[in-house]
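Each chain, letter by letter, is given below.
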There are 2 protein chains.
Amino acid sequence: MKIAIIGSGLIGQSWAMIFAGAGHTVTLYDIVSEQVSKALETIATNLKNYESQGCLRGQLTASRQVSLITGSSDMQECLNGASYVQECVPESVDLKRQVFNQMDMYITEDMIVASSSSCLGVSQFVGEMKNKHRTLVAHPVNPPYFVPLVEIVPGPWTLPEVSQQTRTLLESVGQAPVTLSKECPGFALNRIQYSIINECWCMYKDGLLSAADIDKLMVNGLGPRYAFIGPLETMHLNADGIVDYCKRYAQGAYNVSSTLTPPPIMYDIPTAENVQSELSSAVPLEQLLERRKWRDRHLAALASLKNQLKEKKD
Amino acid sequence: MKIAIIGSGLIGQSWAMIFAGAGHTVTLYDIVSEQVSKALETIATNLKNYESQGCLRGQLTASRQVSLITGSSDMQECLNGASYVQECVPESVDLKRQVFNQMDMYITEDMIVASSSSCLGVSQFVGEMKNKHRTLVAHPVNPPYFVPLVEIVPGPWTLPEVSQQTRTLLESVGQAPVTLSKECPGFALNRIQYSIINECWCMYKDGLLSAADIDKLMVNGLGPRYAFIGPLETMHLNADGIVDYCKRYAQGAYNVSSTLTPPPIMYDIPTAENVQSELSSAVPLEQLLERRKWRDRHLAALASLKNQLKEKKD
């Protein structure tokens, strides 16, 4: 299957590696051919590093995977014969509208065009397209190579089989797609993430915990559980099923929830400066890049552990 | 150091294993001596299983750890010479008041008495005590042997050094304590957990995602990150520091947050029944016990991975 990736930044590169890892032919497009060449070099380096670190995806060697990915600065050539297109241009509604309109004339009846948008629904930029019924959002999580979740968000015109086929394709390449029934602000992932940040922010401002202890609470308390079990199953397991959980704990949860600071909340700069001065003792600004690599190594190790545990079960 | 554990249920057993793992002498108390004997047997079986599975804590053999734990149904004997007492009786304010008042006469000036309470602050049950300044909450997370977080929650009378010494002790036995500045509803962990559940519940009721996809979203999206990096550091890393994050994303987060359903929310039985019928296709009620063991095996594997990665760094 041929996959077209539109946009050769970090997210575009990740998608290219994911699809090539599953054995698909990938064409990576960007408007400037030098950017494409540079992206291909980065991909080759990454895949070889992953291979030597033992965290390369799929059954093919790194060099075989590299050979599956070619570049293009010609959109028609990139889309020609592609079954699936993943757009990864910057998060600007005007830019996305322009790119989708440009793609419109090359979209065929068996092609799916997905946007990697993290907050814009396709309804905001595909309205003028002839082929808008073949577009949707497939929003990955950073870093997509090691964090498999993808949010599939159909627009108002998206055909049901386009959502379904996208889900099947993404599952087949090792991602973990979830399907929203409709567009909504923040999709699902950021609605949960902002709920978490909002409460953490309020607790910090209220002087209840230090910034380090708030992060420690998640990393050593809720985080390990959520790496394996979601919030609903946690309720299910912490009682004799989730109905029993509600009978026993809903009133208590209600009492606590009624004291949560209600949104909306705006993260403010003075508070952010206080948090930053606390966080910087462990992760100074000049070490952010190094720390991101640390994060990715840990996520790779966890992904590999999860695969091992899964195989053990099978 | 001698540790006294008051209450021989699952949490009491976990604390006993944690302290014995670090080489401390433990006396496990319960009002009925048969319960104590049964708990000691369970502990011995667990520690031997952990040893054979390679997830035993500490440097001592399982049988040496077992020999450090003795039982008692005499409270005075249990507390005599103890430096630290961890109360683990059921979550009832009357029962806790009764137990703490009973302990009061045996508390010495170098003893700390911590409650495992998950939602009651000590202010609710130690008010009549002479030694209330030596009491506080040390709330563990289930299962404490594999999830190291402990919330330290001082009451209004708790001496600062009592909080500090508790934190130092719990760190020394391999737990990950965080310190709240004061009592508050839900402490910190459940304030975050309920924020998550509230939003998941609303999205489910709104028909936005299936129950399975909500859990999948956490397990494959946010959860892996939170196993290593907290919410504040996530913001710090996802931009050039958290101040930059706020400048770039606070407005967008505000826009999404203003559409979050405001608490209070009451988890309702009809919705719980729908969720349960969905969850039961993967985890039927009769398999909850087995699934809890699955969860604990995975948490043990993750704990061991995190230790390996830490040692690698050191």
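Residues numbered from 1 in each chain as written. Chains lettered and ligands numbered in written order. Predicted model: local features only at pLDDT ≥ 70, side-chain atom pairs only at ≥ 80, totals over all residues. Heavy atoms only, no water.

Draft legend 1. Geometry of the sheet that holds strand β7 (residues 149-154) of chain B. Residue and element names in this part refer to chain B. The 8 strands lie next to each other as β3-β2-β1-β4-β5-β6-β7-β8, forming an open sheet whose pairing is mixed. Edge strands, defined here as strands with exactly one partner in the open sheet, are β3 (69-72) and β8 (176-179). Taking the axes of each pair of neighbouring strands and ignoring which way they run, one obtains an average angle of 25° across the sheet. The sheet contact formed by strand β6 (residues 135-140) and β7 spans 5 bridges and is antiparallel. Across the sheet, His139 pairs through a bridge with Glu151, a residue of β7. (Pairing = 2+ DSSP bridges. Helix = DSSP H or I, 4+ residues; strand = E, 2+ residues; numbered from the N terminus. Axes fitted to C-alpha atoms, helices over the stretch in contact; angles between N-to-C directions.)

Draft legend 2. Broad picture of unusual backbone geometry. All names here are of chain A. Along the chain, Asn142 connects to Pro143 via a cis peptide bond; the corresponding omega equals -10°. Of note, Pro143 is situated in the loop between β6 (135-140) and β7 (149-154). Unlike most non-glycine residues, Phe187 shows phi in positive territory, near 50°. Tracing the sequence through the fold places Phe187 in the loop between β8 (176-179) and α7 (189-205). By relative accessible area, which is 1% here, Phe187 ends up buried. (Buried < 20%, exposed > 50% of the residue type's maximum accessible area, 1.4 Å probe, protein only.)

Draft legend 3. Up close: the environment of B:Tyr254. Tracing the backbone through its elements, the reader meets B:Tyr254 in helix α10 (residues 242-257). Classification of B:Tyr254 by relative accessible area gives partly exposed; the value is 30%.

Draft legend 4. Region of interest: the relation of the copies chain A and chain B. Mapping chain A onto chain B is achieved by rotating through 180° and translating by 0.0 Å along the same axis, at an RMSD of 0.0 Å. A rotation of that kind, with that shift, is consistent with a two-fold axis. Most of the interface of chain A is mirrored in chain B, where 100% of its interface residues are also at the interface. (Least-squares fit on C-alpha atoms with pLDDT ≥ 70 in both. Contact = heavy atoms within 4.5 Å.)

Draft legend 5. Fine view of the pairing of strand β2 (residues 25-29) of chain B. Residues and elements named next belong to chain B. Of all 5 residues that make up β2, 4 are buried, and the element is covered over most of its length. Taken together, the 5 bridges between strand β1 (residues 2-6) and β2 define a ladder with parallel strand orientation. Looking at the pairing, Lys2 lines up with Thr25 of β2. Bridge analysis of β2 against β3 gives 4 bridges, and the strand direction is parallel.

Draft legend 6. Summary view of the UniProt feature "domain: 3-hydroxyacyl-CoA dehydrogenase NAD binding" (unreviewed entry) in chain A. The residues that UniProt annotates with the feature "domain: 3-hydroxyacyl-CoA dehydrogenase NAD binding" (unreviewed entry) are residues 2-183 of chain A. Spanning residues 2-183 of chain A, this segment combines 38% helix with 21% strand, and its end C-alpha atoms are found 28 Å apart. (UniProt positions renumbered as here; feature names shortened; annotations may be inferred.)

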